[in-house]
Structures are given as C-alpha cells and as structure tokens.
Amino acid sequence: MTTYLALKYLHVIGAAVLLGTGAGIAFFMLLAHRTGDAATVAAVARIVVAADVLFTATAVVAQPITGTLLAWIVGYSLLDGWLLLSIALYIVTGAFWLPVVWMQMRMRDLAVTAAREGTPLPAEYHRLFRLWFAFGFPAFAAVLAIFWLMIARPPLG
Ligand code: HEM
C-alpha cells in the first residue's frame, strides 16, 4: 500500500509538472513573442529551453515508469483499452513535443543573434514560431485527453 501510494503520488506530481510546465512555457513564449523585441524573446526562450530540460524531460521519462509500475501493482494490463489509448496518445504528445524543443532552441539562437546585431527577428524565426504554435495544440490536447482517461478509466474495448 505504501509503495502504491508513493508511486501514485509521484505519478500525479509528474502529470501536474507536464501540464503545468507545458501551459506555462506556452504562455510565456507567446507573451514574449508578442512584444516583438528580440532581446525579450532571447531571454525568455533561454529560460523556456532550460525549463523543458529540467522539468518536462524529467517528467516525460518518469511518467511511463511510475505508470507502468502502478499498472503492475494494481493489476491492470497495459493492453486495457484506456491504458493502450493513453500510451498511444503519449507517443503522439512526444512526437509533437520533441520537434518543439528543437524549435525553441533554434528560435532562441535566432533571437540572440538578432538582439546582438540590433536587427529585427528574421523570417525564419516567424516561420518557426507559427509551426511551434501549431504543434502545441495537438500535444496539449493529447495530454488533456490522457488526464481524462487516467481519471475516468473508461471501459474501452
Ligand atoms: C505513459 C504511460 C502511463 C501509464 C502506463 C500510466 C498508468 C497509470 C495507471 C495504471 C494509473 C492508475 C493507478 C490506480 O489505479 O491507482 C494512473 C493514474 C493516473 N495517471 Fe497515468 N499513466 C501514464 C501516463 C500518464 C500521463 C502522461 C498523465 C498526465 C499527464 C497521467 C496522469 C494520471 C493521473 C492524474 C492519475 C490518477 C488518476 C486517479 O487516481 O483518479 N498518466 N496512470
């Protein structure tokens, strides 16, 4: 029971970190972008990249580990409909999140250069920002759907 509760505690904290960091990063990046100021974008993007490495990446690795251990302790099969769908959605999230991490690093570098040279944010930055924005929606929607599947555990298939 103690191990179960400890794992569940870590799992729920991990879920909060994933959703919270994701939402926070999106908000701060969007607001920095809206200033149009290269130095502001550079500073915020630098912090955002660090936050993704420290918090999101840790939770991304920990979540399937604590989740699989929980399933094992409680006696769920990973092939149960709600778990299988959650795992598929988790892969979808990762497929959108990994390029986003790269885009944030590239946007940071472009903003640092623009700020140093006193030039406006280049076209490549704006193209990447639009892509970054678009990728956020499916990733965020998938995490919200996983939350619901984990809480409701609907009897699928
Ligand atoms: C990727 C692999 C994952 C696996 C194998 C997994 C597995 C599980 C299992 C088996 C439970 C039920 C524990 C119990 O019956 O007490 C659970 C609960 C939970 N999971 Fe996951 N999980 C995964 C990912 C996630 C993700 C990505 C999130 C959210 C971002 C999440 C959020 C939650 C929450 C909030 C609960 C608690 C639900 C409740 O007690 O009502 N899980 N998970």
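Residues numbered from 1 in each chain as written. Predicted model: local features only at pLDDT ≥ 70, side-chain atom pairs only at ≥ 80, totals over all residues. Heavy atoms only, no water.

Draft legend 1. A look at the coordination of the iron atom of the ligand. The coordination sphere of the iron atom of the ligand contains the protein donors His11 (NE2) and Met150 (SD), at a distance range of 2.0 to 2.2 Å. When its relative accessible area of 13% is taken as the criterion, His11 is described as buried. Taking relative accessible area as the criterion, Met150 reaches 24% and is therefore assigned partly exposed. (Donors = N, O, S within 2.8 Å, 3.2 Å for Na, K, Ca; no water. Buried < 20%, exposed > 50% of the residue type's maximum accessible area, 1.4 Å probe, protein only.)

Draft legend 2. Just the site of the ligand, in detail. Within the structure, the ligand sits among 22 residues, and Tyr4, Lys8, His11, Tyr76 and Met150 are positioned closest to it. The contact in question runs from an oxygen atom of the ligand to an N or O atom on the side chain of Lys8, over 2.7 Å. Taking His11, its side chain carries an N or O atom lying 2.8 Å from a nitrogen atom of the ligand. Of all the secondary structure elements, the ones that give two or more residues to the shell around the ligand are helix 1 (2-35), helix 2 (38-74), helix 3 (81-117) and helix 4 (123-152). (Near = heavy atom within 4 Å. Polar contact = N/O pair within 3.5 Å; in protein donor to acceptor, adjacent residues only side chain to side chain. Helix = DSSP H or I, 4+ residues; strand = E, 2+ residues; numbered from the N terminus.)

Draft legend 3. Quick look at helix 4. The terminal C-alpha atoms of helix 4, which comprises 30 residues, lie 44 Å apart, in line with the 44 Å expected from a rise of 1.5 Å per residue. Those residues of helix 4 not exposed but buried are Tyr125, Leu128, Phe129, Trp132, Ala139, Ala142, Val143, Ile146 and Leu149. Looking at the buried residues of helix 4, the elements they touch are helix 1, helix 2 and helix 3. Backbone geometry just downstream of helix 4 places Arg153 in the positive-phi region, at approximately 40°. (Expected span 1.5 Å × (residues − 1). Contact = heavy atoms within 4.5 Å.)

Draft legend 4. Spotlight on the packing of aromatic side chains. In total, this model carries seven aromatic pairs according to the counting rule given. Measuring from centroid to centroid gives 5.2 Å for Tyr76 and Trp82, while their planes differ by 90°, and the two rings are edge-to-face. A relative accessible area of 9% means that Trp82 is categorised as buried. Among the aromatic residues, those joined into a cluster by ring pairs are Tyr125, Phe129, Trp132, Phe133 and Phe137. Of note, Arg153 hangs over the ring of Trp82, and the distance from its end group to the ring centre comes to 5.9 Å. (Phe/Tyr/Trp six-rings, centres within 6.5 Å; stacked < 30°, edge-to-face > 60°. Lys NZ or Arg CZ within 6 Å of the ring centre and 35° of its normal.)

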